[in-house]
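# Residue-level structural notes
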Amino acid sequence: MMSPRPLFVLVSGIFALILTMGVARFAYTPMLAYMQPQTGMGDALAGWLAGWNYLGYLSGVLLVTRLKDLMLKDRLYRISLLLAVLTTAMMPLAGMPLSMFLANAPLIWGLSRFLAGLSTAGGLMLGSGLILNWLIRHGHRSELGIHFSGLGLGIVLGGLLVELAAPYTDWCGQWWLLTGVGLLLLIPAWRWLPRPNQGMQLQAGASAAEGEPGPLWLWLLQAAYLCAGFGYAINATFTVLITEQQPALSGQGGLMWLLVGLAAAPAPILWDRIARRLGYLRTLQVAYLLQIIGILLPVLSGSLIAAVASSLLFGLTFIGIVSLVLTMVGVRYPAHPAQIMARLTVGYGIAQIIAPVVAGELAEVTGSFDGSLIWVSAMMGLGLLCLVAMAMIAVRDRGRGAR
């Protein structure tokens, strides 16, 4: 049985992910269903704000990958936690009656989403690294599957708060409630993670069971992960709106987002176990295929069953794809995983910036997200083909090694 101290460290990371991902980032998705009718926000602006959020995340990732000193990482991580609360509070400021901010609401919202993206990068990447480092230094198993469950739990909590507050307050009140809960989450996230030991972060081992793959294999992985970024960004931004635009599903968008979170919470642990049996590439192929099916279901049917299945498949696959890719990188490039992860994350982040902007503009013109969903499913199909090509290269290389 795990002793209390490492359990508290892991729980601090869960609270941090709920704060930075569930409140500061993902609460924006269910809030769109309330902000659009109450503020007049169009689909295009909703997409641009999501794009600014992903730009902030990408900027944070690029900054994080250059950091080496653990104490500096710890300070920036704690700043990220504070920033998550601050950026959540910025959203309702633009709705203050007779406020000088009112005319500049899109600018304030855009700044909030950009800074929230920075806090997300800190909470996810710095927090995960600091917790893993502490566990390794103190002789504990690195059970980050438990840690990453905070992503799904954050989606569930943010969605529940938004829906429960809706009958009693307007969109500003909903954001203020999220801010208050964020302050509560900040306390254990801050206090239960010990300050790191002085010095540099632990280095990965320099030897691997297999030789590093060739350049073509890595380029195909980068292309596949770029495609996954498109699939993630569309669903993470517009799941609620896509549901609400179905005539038979009006008012069900919040429920669909909760289902995403419920499916996402156990996903990292589940996919890790599947990968032990099938291998990372085959497991990734299954995840891509399931996500493609989930993306296309709302296009093929406007029924409640299709919407439920689509939400569950997205929640199950999007975190799984990220955790599988990053774990595979650690296995195949043990001497320098951080550089490879940074290279992949840049492509993933660029896709996250482009996808919601294009989808929002396209939906504004056509009045439907069907075209965007078909486009993104095609991108995911291209990513699946890249994974198949990678598997063929692996088989070829093993054949050459046998000879």
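To keep things clear, this report deals only with the structure shown in the data block. If you're wondering where the values come from, they're calculated on a predicted model, not measured in any experiment. Sequence order as written defines residue numbering, which begins from 1 separately in each chain. Local features in this predicted model are restricted to residues whose pLDDT is 70 or higher, and side-chain atom pairs enter the listing and the counts only when it is 80 or higher, whereas totals over whole chains, interfaces and linings include all residues. Excluding hydrogens and water, the side-chain figures rest on all heavy atoms present in the structure.

Judged by nonpolar contacts, the single largest core of 115 residues is most densely connected at Y28, W109, L221, Y288 and F318. Only runs of H or I of at least four residues qualify as helices and only runs of E of at least two qualify as strands under DSSP, and these elements are numbered from the N terminus. Per-element accounting of this core gives the leading share, 17 residues, to helix α8 (residues 215–244). Nonpolar core, defined: a set of buried Ala, Val, Leu, Ile, Met, Phe, Trp, Tyr and Cys residues in which side-chain atoms within 4.5 Å join the residues together. Three exposure classes are used, based on accessible area relative to the maximum for each residue type with a 1.4 Å probe and protein chains only: buried under 20%, partly exposed in between, and exposed over 50%.

With 30 residues, α8 extends 44 Å from end C-alpha to end C-alpha; this agrees with the ideal 44 Å at 1.5 Å per step. To get the bend at any residue, fit one axis to the seven residues that end at it and another to the seven that begin at it, then take the angle between the two axes. Considering bend angle alone, the principal kink of α8 is centred on F238 and spans about 65°. For α8, a buried count of 24 out of 30 residues is recorded, marking the element as mostly surrounded by other parts of the structure. What a helix should span is 1.5 Å times the count of its residues minus one.

As a further point, take the packing of aromatic side chains. Ring geometry is summarised as follows: Phe, Tyr and Trp rings, the Trp one being its six-membered ring, pair when their centres sit within 6.5 Å, and such pairs are stacked at plane angles under 30 degrees, edge-to-face over 60 and tilted between the two. Applying the stated criterion across every chain, the model contains twelve aromatic pairs. For the pair F26 and Y232, a centre-to-centre distance of 6.5 Å together with 80° between the ring planes defines the contact as edge-to-face. Of this pair, F26 sits in the loop between α1 (4–23) and α2 (28–39) while Y232 sits in helix α8, and the two are 206 residues apart along the sequence. Neither F26 nor Y232 differs from the other in exposure class; each is buried. Seen in terms of ring centroids, F26 and F318 are 6.3 Å apart; in terms of plane orientation they differ by 75°. Their pairing is edge-to-face. You can see F26 sitting in the loop between α1 and α2 and its partner F318 sitting in helix α12 (residues 304–332), a full 292 residues away along the chain. By the burial criterion, F26 is buried, and F318 matches it. Taken together through their ring pairs, the aromatic side chains of F26, Y54, Y225, Y232, F314, F318 and Y348 make up a single cluster. Cation placement over rings: the criterion is NZ of Lys or CZ of Arg within 6 Å of the ring centroid and within 35° of the ring normal. Above the ring of W190, the side-chain terminus of R78 is found at 5.3 Å from the ring centroid.

Moving on to the pattern of salt bridges. When a carboxyl oxygen of Asp or Glu is within 4 Å of a side-chain nitrogen of Lys or Arg, the pair counts as a salt bridge. Taken as a whole, this structure holds three salt bridges when the rule is applied. One salt bridge connects R78 with D74, and the closest N-O pair in it is separated by 3.0 Å. In this pair, R78 and D74 are both assigned in helix α4 (residues 70–93), four residues apart and thus about one turn of the helix distant. Classification of R78 as buried rests on a relative accessible area of 3%. Measuring nitrogen to oxygen at the nearest pair gives 3.0 Å for the salt bridge that ties R276 to D272. Here R276 pairs with D272, and both are found in helix α10 (residues 267–278), just four residues apart, close to one helical turn. Overlapping salt bridges bring together D74, R78 and R195 as one network.

Further remarks concern the environment of W176. Residue position: W176 is located in helix α7 (residues 171–191). Overall, the relative accessible area of 41% leaves W176 in the partly exposed class. When near neighbours in sequence (up to four residues on either side) are disregarded, W176 contacts A89, P92 and L93. By definition in these notes, contact holds between two residues if any of their heavy atoms fall within 4.5 Å.

The method is simple in principle: a probe with the dimensions of a water molecule rolls over the atoms, and the space it marks as empty is what remains. Think of a 1 Å grid over just the protein atoms. A cavity is a set of points where a 1.4 Å probe fits yet cannot get out, a pocket is an open set with protein on both sides within 12 Å along at least five of seven lines, and lining residues have an atom within 4 Å of a point. Grid points are joined across faces, edges and corners, and a volume is the space filled by probe spheres set on the points. Taken as a whole and assessed by the stated rule, the structure comprises one cavity of 30 Å³ or more. Considered as a void within the structure, the largest cavity measures approximately 140 Å³ in volume. The wall of the largest cavity is formed by 15 residues, among which T239, I242, T243, P298 and S310 lie closest to the centre. Looking at the lining of the largest cavity, the elements that each hand over two or more residues are α8 and α12. Charged means Asp, Glu, Lys or Arg here, nonpolar means Ala, Val, Leu, Ile, Met, Phe, Trp, Tyr, Cys or Pro, and polar covers whatever is left, Gly included. Class assignment of the residues belonging to the lining of the largest cavity gives a composition of six nonpolar, nine polar and no charged.

Below, the discussion takes up a nonpolar patch on the surface. Within the patch definition used here, like charges are joined within 9 Å and nonpolar side chains (Val, Leu, Ile, Met, Phe, Trp, Tyr) within 5 Å, considering only residues with over 30% relative accessible area and no salt bridge. Accessible surface is estimated by sampling points in the Shrake-Rupley manner with a 1.4 Å probe; for residues, cover comes only from the protein chains shown. Nonpolar side chains collect at one region of the surface, where L226, I350, I354 and V358 lie side by side and expose about 270 Å² of accessible area between them. Top element by residues in the nonpolar patch is helix α13 (residues 337–366). It accounts for three residues. Within the element layout of this structure, I350 appears in helix α13.

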